[in-house]
Amino acid sequence: MKNDSLQDREGVKIRRQFFNGMIFNILAVMLYGCYLVLTVKLLIGKFSIIDYFNKIKIFALVCVIAVIPFIVLSALNRRRFGEIICVINEHGLYYENGFLYWSNIDKIEYTTPVIGKHLHYDHCCVDIYTKSKRVELICAPLYLLFVAKRVGKNVKIKLSKESKWFVIILALIFLAFPFLVYIAY
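Nothing here was measured: the structure is a model prediction, and the numbers come from that model.

Caption draft 1: Expanded view of unusual backbone geometry. For Cys139, which is not glycine, the phi dihedral falls at a positive 65°. Among the structural elements, Cys139 can be located in the loop between strand E7 (134-138) and helix H4 (143-151).

Here's what the structure looks like:
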């Protein structure tokens with residue numbers, strides 16, 4: 001089965017996403033910037049709610065305006081263009097080299113795009129485990145998990161162990177950063 005025939009399949013077409021990373025990055029910068037301003041103001045003892053909102057409103061507005069084109073492009077990408085990774089319907093999941101029935105799928109595991117399989121930058125990846133094999137879908141978006149959970153109700157969906165640790169460590173570093181800078185000064 002080639003990618004052309006995926007276009008003809010009935011079901012939800014999961015396409016490679018090109019803009020979700022930019023949306024996530026812009027929103028993460030906006031939230032982290034607001035967190036940094038709040039934390040620094042609290043640490044130096046000069047916190048005022050009015051001053052805080054005056055400092056972040058322009059920054060947040062710029063971030064929101066910057067993310068709007070990527071949201072539009074992402075919506076178009078999800079429906080209209082981009083390589084089809086797989087097609088999900090009530091019977092199962094079609095992918096480039098075959099088809100998997102929901103009853104044969106044990107679990108679906110997502111690996112974040114940053115950590116990769118070998119602790120270097122890599123594409124996001126979805127591993128589908130059956131009793132007899134593992135199918136790897138490279139560049140599969142996180143959206144695949146939501147659709148798979150909705151359609152294949154009994155399938156276990158999870159984040160890979162490496163990805164969980166990466167997310168936890170990254171979150172702790174970002175949360176601790178302003179406090180570490182404050183202590184250093």
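Caption draft 2: Region of interest: a nonpolar patch on the surface. A cluster of nonpolar side chains, namely Phe18, Val64, Ile68, Val72, Leu73, Leu76 and Phe81, defines an oily patch on the protein surface of about 560 Å² accessible area. Considering the arrangement of structural elements, one finds Val72 in helix H3 (residues 49-79).

Caption draft 3: Layout of the pattern of salt bridges. Following the criterion strictly, the structure yields six salt bridges and no others. The shortest N-O distance in the salt bridge between Asp106 and Lys131 comes to 3.1 Å. In this pair, Asp106 sits in strand E5 (residues 105-111) while Lys131 sits in the loop between strand E6 (125-130) and E7, placing the two residues 25 residues apart along the sequence. Residue classification places Asp106 among the partly exposed positions, given a relative accessible area of 31%. What makes Lys131 exposed here is its relative accessible area of 68%.

Caption draft 4: Highlighting the pairing of strand E3 (residues 92-95). Here strand E2 (residues 84-88) pairs with E3 via three bridges, running antiparallel. In the strand pairing of E3, Ile88 is matched with Leu93. Here E2 hands over to E3 after three residues, the two strands then running antiparallel side by side. Bridge count between E3 and strand E4 (residues 98-101): four bridges; the pairing is antiparallel. Counterpart to Tyr95 in the pairing with E4 is Gly98.

Caption draft 5: Here's a closer look at the sheet that holds E6. Across the sheet, which stays open at both edges, the four strands sit in the order E7-E6-E5-E8 with mixed pairing between neighbours. The outermost strands of the open sheet, each flanked by one partner alone, are E7 and strand E8 (156-159). Across the sheet, the mean angle separating the axes of adjacent strands is 20° when strand polarity is ignored. Across six bridges, E5 lies against E6 in antiparallel orientation. When the sheet's bridge partners are listed, Tyr110 is paired in E6 with Val126.

The rules behind the values
Residues numbered from 1 in each chain as written. Predicted model: local features only at pLDDT ≥ 70, side-chain atom pairs only at ≥ 80, totals over all residues. Heavy atoms only, no water. Helix = DSSP H or I, 4+ residues; strand = E, 2+ residues; numbered from the N terminus. Patch = residues over 30% accessible without salt bridge, like charges linked within 9 Å, V, L, I, M, F, W, Y side chains within 5 Å. Areas by Shrake-Rupley, 256 points an atom, 1.4 Å probe, with all protein chains shown as cover. Salt bridge = Lys/Arg side-chain N within 4 Å of Asp/Glu carboxyl O. Buried < 20%, exposed > 50% of the residue type's maximum accessible area, 1.4 Å probe, protein only. Pairing = 2+ DSSP bridges. Axes fitted to C-alpha atoms, helices over the stretch in contact; angles between N-to-C directions.

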